[in-house]
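Survey of secondary and tertiary structure
Next come the chains, spelled out residue by residue.
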Amino acid sequence: YDMVHLSYVYGRRDNLIQRIYKVKIAESMRGTNSLWGEERHQVLNASKFFLCSHQDEQPWIEPLRYALGAAYGIPMVCEESRDVYPYIPGEEIISAPFWELDKVMRQLVTEPYQKYQDQATRLREKMTVQYRFRDQVLKAVKDLWERKKIDQVQILTPLQITIK
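Since the model is a prediction, treat every value here as computed from it, not as a measurement. (Residues numbered from 1 in each chain as written. Predicted model: local features only at pLDDT ≥ 70, side-chain atom pairs only at ≥ 80, totals over all residues. Heavy atoms only, no water.)

1. Looking at the environment of Pro86
Looking at where Pro86 falls in the secondary structure, it is placed in the loop between strand 4 (76-79) and strand 5 (94-96). On the basis of relative accessibility, which here comes to 12%, the residue Pro86 falls in the buried class. (Helix = DSSP H or I, 4+ residues; strand = E, 2+ residues; numbered from the N terminus. Buried < 20%, exposed > 50% of the residue type's maximum accessible area, 1.4 Å probe, protein only.)

2. Some thoughts on the nonpolar core
Counting 19 residues, the largest nonpolar core has Phe50, Tyr66, Met76 and Ile93 as its most contacted members. If you list the elements that add at least two residues to this core, you get helix 2 (37-45), strand 3 (49-52), helix 3 (63-72), strand 4 and helix 5 (114-130). Ranked by residues supplied to this core, first place goes to helix 3 with three residues. Beyond its immediate stretch of four places on either side in the chain, Ile93 contacts Tyr66, Met76, Cys78, Val84, Tyr87, Ile88, Gln119 and Leu123. (Core = buried A, V, L, I, M, F, W, Y, C linked by side-chain atoms within 4.5 Å. Contact = heavy atoms within 4.5 Å.)

3. Points about the packing of aromatic side chains
Overall, the coordinates contain four aromatic pairs when judged by the stated rule. With centroids separated by 5.5 Å and ring planes inclined at 90°, the aromatic side chains of Phe49 and Tyr113 adopt a geometry described as edge-to-face. Residue Phe49 is located in strand 3, and its partner Tyr113 is located in the loop between helix 4 (101-108) and helix 5; the two are separated by 64 residues in the primary sequence. Seen from their ring centres, Tyr85 and Tyr131 are 6.1 Å apart, and the 90° between their planes marks the pair as edge-to-face. On the criterion of sequence distance, the pair formed by Tyr85 in the loop between strand 4 and strand 5 and Tyr131 in the loop between helix 5 and helix 6 (133-146) is long-range, its members being 46 residues apart. Overall, Tyr131 belongs to the buried group, its relative accessible area being 16%. An aromatic cluster is defined as three or more aromatic residues linked by ring pairs; in this entry it consists of Phe49, Tyr113 and Tyr116. (Phe/Tyr/Trp six-rings, centres within 6.5 Å; stacked < 30°, edge-to-face > 60°.)

As far as function goes, none of this settles anything; it's purely spatial.
Here it is, written out as structure tokens:
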């Protein structure tokens, strides 16, 4: 697929997807809010770009979609957000205003892919080595503990944490 989006298509997202289909930007596009398991794995492995737009006008990132894009090493084409830390637009993600995402996609599918694959590789490295999920959870728990926001923390196994 030239592009994948894993989002609920309604309202503003529907408008964006219709604009993309209308001008035939992508040779193929796959998107659904109910793609799971092996089917999702196959689609993500076969996709060149991951389109990520907000469901509403609120400018907050969609962290699970960013995590999926990073994990699969797919270049992320994202709607601008207020705070994208730790992601770096232009270096690790492609970011544009909502009304320009279809134009950005049109440009991307005509350019050499390697540049964007290199961005995705940097993003994957950052999110799987520098900002490992488990480390970030433990850091957040430690911060809450130190600020006395929680009473007790018990690490049961490497993957289980009890917070009281």
